[in-house]
Amino acid sequence: MDLHLTDKVAVVTGGNAGIGEAIARALAAEGARVVLVARDRSRLDAVAKTLPGALTVPVDLIEPDAADRVAEAVAAEFGGADILINNAGTGSEEKILTASDDRWQFYWDLHVMAAVRLARTIAPQMKSRGGGVILHNASICATQPLGYEPIYNTTKAALVMFSKCLANELIGDNIRVNAVNPGLVMTGDWIKTAKSLTEGTDQTWEQYLQKIADDNAPIGRFATPEEVADFFVFLCSSRAAYSVGSTYYVDGGWLKVTT
Ligand code: NDP
């Protein structure tokens, strides 16, 4: 199937690791020109080195001017963007009654305001190019919360609602906006946590993660980042032209209700 992505310019936040890296690689494999946005320059460079023509923009997305810097870099190199993947994010762990305002603000800025600000700076570029696609990587936790991360659950739920509102505002400009809610995806944080929790115990980190998969996902395993990335790539394609303002679960059956 031709996805019609050749020479499209795609901005991927969190493009130097995990799901974002897999999305960037999958888009590049379809002929897109990718822009990798994240903080860690050495990881950005390492990924970009393997993707010919990739642009890197090292910014911290919680900074209010980060979106301007991304848009300026994209305009200077490619004249504008056709695709924006808001993927950067991270898990949390806290209790509501003891978490400080600063902690709430950090996750609000990273999961919501970064997407708001990038919409303000990148959507006008898309408009002038005749349209585009904006995708938000939220989480199954936006709907089905995990007990240890209330701030993550809340800010990801806000991101999904933002995605819906933005879709309504932009479809008249031929910009399609959607959200994806992944379930368990085998990326660095999970492995790091599993290794630290099983160190010195008689359980391996692999066994620890397998138990999480068995306990939660009917499919009985984590997704690979590539499996999630392929779904994103399809939504970027004109093949998904009628997909607007929706939220799609890629969760191996973990969501316990129908939506
Ligand atoms: P990783 O930790 O592997 O990657 C996170 C990415 O976000 C990195 O590229 C990181 O780069 C970037 N990032 C984090 N903070 C910032 C910041 N302040 N400014 C710019 N970039 C930032 O995570 P995953 O790939 O697992 O997760 C990607 C997204 O998918 C997240 O939003 C996560 O919530 C969501 N998700 C993940 C699931 C999973 O099971 N893995 C399940 C459901 C959703 P750097 O550190 O260099 O800035």
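Above this text you will find the structure in question.
Residues numbered from 1 in each chain as written. Predicted model: local features only at pLDDT ≥ 70, side-chain atom pairs only at ≥ 80, totals over all residues. Heavy atoms only, no water.

Brief notes about the site of the ligand
- With respect to spatial proximity, 27 residues lie near the ligand, and among them Asn16, Arg39, Asn87, Tyr152 and Thr187 are the closest.
- Between an oxygen atom of the ligand and a main-chain N or O atom of Gly14, the distance comes to 3.1 Å.
- The separation between an oxygen atom of the ligand and a polar side-chain atom of Arg39 is 2.6 Å.
- For the ligand, the protein covers 90% of the area, taking 870 Å² as the surface of the free molecule.
- Secondary structure elements with two or more residues in the shell around the ligand: α1 (18–29) and α5 (150–170).
- In the shell around the ligand, the residues fall into 13 nonpolar, nine polar and five charged. (Near = heavy atom within 4 Å. Polar contact = N/O pair within 3.5 Å; in protein donor to acceptor, adjacent residues only side chain to side chain. Areas by Shrake-Rupley, 256 points an atom, 1.4 Å probe, with all protein chains shown as cover. Helix = DSSP H or I, 4+ residues; strand = E, 2+ residues; numbered from the N terminus. Nonpolar A, V, L, I, M, F, W, Y, C, P; charged D, E, K, R; others polar.)

Points about the environment of Ala241
- Among the secondary structure elements, Ala241 is positioned in the loop between α8 (225–236) and β7 (247–250).
- The exposure class assigned to Ala241 is partly exposed, which follows from its relative accessible area of 48%.
- With 66 residues separating them in the primary sequence, Ala241 and Ile175 have C-alpha atoms 9.9 Å apart. (Buried < 20%, exposed > 50% of the residue type's maximum accessible area, 1.4 Å probe, protein only.)

Notes on the side chain of Asn16
- With respect to the secondary-structure elements, Asn16 resides in the loop between β1 (9–13) and α1.
- Taking the relative accessible area as the measure of exposure, Asn16 reaches 5% and is therefore buried.
- At a separation of 3.4 Å, a polar atom in the side chain of Asn16 contacts the side chain of Arg43.
- Aside from chain neighbours lying at most four places away, what touches Asn16 is Glu21, Ala38, Asp40, Arg43, Leu44 and Val47. (Contact = heavy atoms within 4.5 Å.)

Looking at the packing of helix α3 (residues 66–78) against helix α4 (residues 101–128)
- Following both chains from N to C, one finds α3 and α4 inclined at 20 degrees, their axes separated by 8 Å at the closest point. As the angle between them shows, α3 and α4 are arranged roughly parallel. In this structure, the crossing between α3 and α4 has a hand that is right-handed. When α3 is examined against α4, the residues Ala67, Asp68, Val70, Ala71, Val74 and Ala75 are found in contact with a partner set consisting of Arg117, Leu118, Thr121, Ile122 and Gln125.
- Taken together, the residues of the contact of α3 with α4 sort by class into seven nonpolar, two polar and two charged. (Axes fitted to C-alpha atoms, helices over the stretch in contact; angles between N-to-C directions. Parallel < 35°, antiparallel > 145°, perpendicular 65-115°, else oblique. Left-handed = near helix turned anticlockwise from the far one by under 90°.)

With respect to a negative patch on the surface
- On the surface, a cluster of negative charge is contributed by Asp2, Glu30, Glu226 and Asp230.
- Within the element layout of this structure, Glu30 appears in the loop between α1 and β2 (33–38).
- For Glu30, a relative accessible area of 31% corresponds to the partly exposed category. (Patch = residues over 30% accessible without salt bridge, like charges linked within 9 Å, V, L, I, M, F, W, Y side chains within 5 Å. Salt bridge = Lys/Arg side-chain N within 4 Å of Asp/Glu carboxyl O. Lys, Arg positive; Asp, Glu negative; His and termini not counted. Charge placed at Lys NZ, Arg CZ, Asp CG, Glu CD.)

Section: the sheet that holds β1
- Ordered in space as β3-β2-β1-β4-β5-β6-β7, the seven strands form an open sheet in which the pairing is parallel. Strands with a single pairing partner mark the edges of an open sheet, and in this sheet they are β3 (55–58) and β7. Between one strand and the next, the sheet's axes are offset by a mean angle of 20 degrees, whatever the strand orientation.
- The pairing of strand β4 (residues 83–86) with strand β5 (residues 132–137) spans four bridges and is classified as parallel. Paired with Leu84 across the strands is Ile134, a residue of β5.
- Seen against the sheet, α1 touches β1, β2, β4 and β5 and runs at an angle of roughly 170 degrees to β1.
- On the sheet, α4 packs against β1, β4, β5 and β6 (175–182) and is oriented at approximately 170 degrees with respect to β4. (Pairing = 2+ DSSP bridges.)

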